[in-house]
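# Summary of structural features
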Amino acid sequence: MPSQKTLTPTNTTATQEMTGAEMVVRALVDQGVEVMFGYPGGAVLPIYDALFQDNAAHGDRLRHILVRHEQGAAHAAEGYARSTGRPGVVLVTSGPGATNAITGIVDALMDSIPMVVLTGQVPTHLIGTDAFQEADTVGITRACTKHNYLVKDVRDLPRIIHEAFHIATSGRPGPVLIDIPKDVQFAKGTYAGPGEVVHAHAYNPRTKGDPAKIAEAVRLIANAKRPIFYTGGGVINAGPAASERLREFAALTGAPVTSTLMGLGAFPAADPAWLGMLGMHGTFEANHAMHDCDVMICVGARFDDRVTGRLDAFSPGSKKIHIDIDASSINKNIRVDVGIVGDAGSVLDDMVAAWKAGGHTANREALGDWWRSIDHWRARQCLRYGHSDSVIKPQYAIERLYALTRDRDVYITTEVGQHQMWAAQFYRFQEPNRWMTSGGLGTMGYGLPAAVGVQLAHPDSLVIDIAGEASVQMTMQEISTAVQYRLPIKIFILNNEWMGMVRQWQELLHGQRYSHSYSESLPDFVKLAEAYGAVGIRADTPAELDAKIIEMIDSPHPVIFDCRVEKNENCLPMIPSGKAHNEMILPEEGDDLGAVIDEAGRRLV
Amino acid sequence: MSTDPQAADQPASAYDLSHETEVENLATFALLVDNEAGVLHRVVGLFAARGYNIESLTVAETDRRAHTSRITVVTRGAPHVLDQIEAQLEKVVSVRRVHNVTRDPNGVERELALVKVRGTGAERVEALRVGEIFRARVIDTTAESFVFELTGAPGKIDSFVELMRPLGLVELSRTGVLSIERGATGM
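Predicted, not measured: the structure shown is a model, and the values here were computed from it.

Parameters at a glance
Residues numbered from 1 in each chain as written. Chains lettered and ligands numbered in written order. Predicted model: local features only at pLDDT ≥ 70, side-chain atom pairs only at ≥ 80, totals over all residues. UniProt positions renumbered as here; feature names shortened; annotations may be inferred. Helix = DSSP H or I, 4+ residues; strand = E, 2+ residues; numbered from the N terminus. Expected span 1.5 Å × (residues − 1). Buried ≥ 20, exposed ≤ 12 C-beta atoms within 10 Å, placed from the backbone. Domains from an automatic or database assignment. Nonpolar A, V, L, I, M, F, W, Y, C, P; charged D, E, K, R; others polar.

### Focus on the UniProt feature "domain: ACT" (unreviewed entry) in chain B
Those residues carrying the UniProt feature "domain: ACT" (unreviewed entry) are residues 28-103 of chain B in this numbering. What you have in residues 28-103 of chain B is 32% helix and 41% strand, and the ends, taken at the C-alpha atoms, are 9 Å apart.

### With respect to the UniProt feature "domain: Thiamine pyrophosphate enzyme TPP-binding" (unreviewed entry) in chain A
Under the present numbering, the feature "domain: Thiamine pyrophosphate enzyme TPP-binding" (unreviewed entry) in UniProt falls on residues 416-563 of chain A. Secondary structure across residues 416-563 of chain A comprises 39% helix and 17% strand; the distance between its end C-alpha atoms is 17 Å.

### Brief notes about helix α3 (residues 70-84) of chain A
Helix length check: α3(A), at 15 residues, gives a terminal C-alpha distance of 21 Å against a target of 21 Å (1.5 Å per residue), a fit within 8%. Among the 15 residues of α3(A), 14 are classified as buried, and the element is accordingly described as predominantly covered.

### Section: unusual backbone geometry
All names here are of chain A. A cis geometry characterises the amide bond from L572 onward to P573, with omega recorded as 0 degrees. The topology assignment puts P573 in the loop between β20 (559-564) and α22 (593-596). Phi is positive for R486, close to 55 degrees, though the residue is something other than glycine. With respect to the element layout, R486 can be found in the loop between α18 (479-484) and β18 (490-495). For R486, a count of 11 C-beta atoms within 10 Å corresponds to the exposed category. One non-glycine residue, E497, lies in the positive phi region at around 65 degrees. Assignment of secondary structure puts E497 in the loop between β18 and α19 (500-509).

### Overview of the domain arrangement of chain A
All names here are of chain A. The domains assigned to chain A are domain 1 (16-191), domain 2 (211-378) and domain 3 (394-564). Relative to domain 3, the C-alpha centre of domain 1 lies at a distance of 29 Å. Broken down by secondary-structure element, the contributors of at least two residues to the side of domain 1 that touches domain 3 are β2 (35-38), β3 (63-66), α3 and α4 (96-110). Taken together, the residues that form the side of domain 1 that touches domain 3 break down as ten nonpolar, ten polar and five charged.

See below:
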């Protein structure tokens, strides 16, 4: 049975004749889209024309941001979506336009980012003839979208666009792609608004958790002696209210809280119950608490391999509760005792209500022992590092960046690698939606365009991309987009001249044979910034770092900050490949890490 | 290796280095899907991308007015893998219903086979006699061959084929499994 529309119509008299291209623009406006990211080409020219005319008639009610590469459009849309909770919208042409966007689409799929991608396609009568700039876009993206469409008839177009927004933003969010042949863009048809279309699919994700399972979970938590919350990006996706409810429930239960990379900010780092991130480069206390807990409450996380380490030794003595909106995430990697399918916010609401209604109280005596264990782990100070007066340590750079920006309205994006892990370890997030990073796919080049998207959504905020010199070159051209639209993003590059994480793994696992991980030739990032019309700043010593960071913050322009850091620093602590949470390597043990990893561990990713 | 009893329950993954032998079962899934371009690819692509096997696959439109088709997939896997396949199939936007026929005591599975057997003399007579036992229909005959049409559970067809093999089996064509539930209610 087709599900009925749930969105409120923005215009009840929306039905009227127009071209397919005009429908696209109109539907985006009716969906409340204010900003889209794209790049024109032959197969989307009618839509760009309709956009031009709409902007002329209605001001910039629908802003189009011209990127420099379609991958940048997709990542910018992700940054926009992640920092606002609204869907990101991408408009690209057929063939290479679509294929270039695919990395960003897969990234959004892996990290559950709501996104609608509109691609042009060759006219329907040319499909299948290997026409110029033809690619089988729906075929290529079937495996990397939540859903996708090829629109063959303009009469279907309004329904498809509105349904695409519904699918992208509800349930487990994800990217939805609509491929629109050029003749469909020219064809005339009758437009229908969001409230007037009938969806073709029986898509109706469950958001409310099963009350019996919620009651069972609450009983388990109430009887726990060593409980822990393990939270993820699902809490962020459930909206700010879910983060509030998580804080309330954690306080009621007295349990410590750890989070995945994607979930940072849902629980405030300033709270004494915060253990830091868990997993491969998580904290000693978070991983040991996960290993030794007796009740684990996983909220909106998916037992990813970076989190669990060795599965057969993962938290062996605990009862596990898993709350996830995606039923296929439950029992996928780790078998759990209570699986609750539902929206993290809704289920946390119900759990807090059930806790209060049941008159439950935390077992303060047992929790006292639990917290003493945790304090013992904390005392190991797993994030300490050797300071230097002559060289900037990368950890120190992030610590100073945090200290000098913590009182500001700040958003952080990252690329992928060592700098990303150091940012997750040393930058302390207090609120959701402030942290944008590529978790699942691990896309180098994500952070700079994501910062463009974040800055567009938050024009008066401080937006910083914590970057590495290798990652940032993958999408460096988007600094040109930032300059064009006067977006004062700050690209804070921890420049160690290495692909640092690759170098670290080669040091530890491949006998220090540094195969193709050193950048023999790097641009002068200060001159590069100036060439693009941005500001370039370089810091070489710890003594000058603070003043340079303040100069960066105070600049009203986009800035590329070349922070020259210690070249051979390893990112620790670390759970070596194939090891369990309680076999973490601390910084002082890091020197002979290669000896710790056995032959089987070497073969893992 | 952990000696904790719970560890034995954990599913295999990249980190579970031993990949201990797990009992794999056949399972038949009936799917009701929206009949639209690419829907079969979505289902088949899911199986390929996640490394699940397809033992047989049938698909045809079953309700022209509602634009729905029925896909029947026979797959193989350990119990937790079959649960995961079911959950992944239910996530596909174009899939309306997923039914694990094998786990349903009311599930019925049937397959149709066309079997060509060549032979003369005693073997030819024996082939015809076996065909009668299996209630196969002869739909073509020449002086030295028969084509049998046979329906039944996949196991029955397997038995028939094994009996025909020494009698001159030439060619075999099977539809793959179809399924339905006993009783008055529909899927």
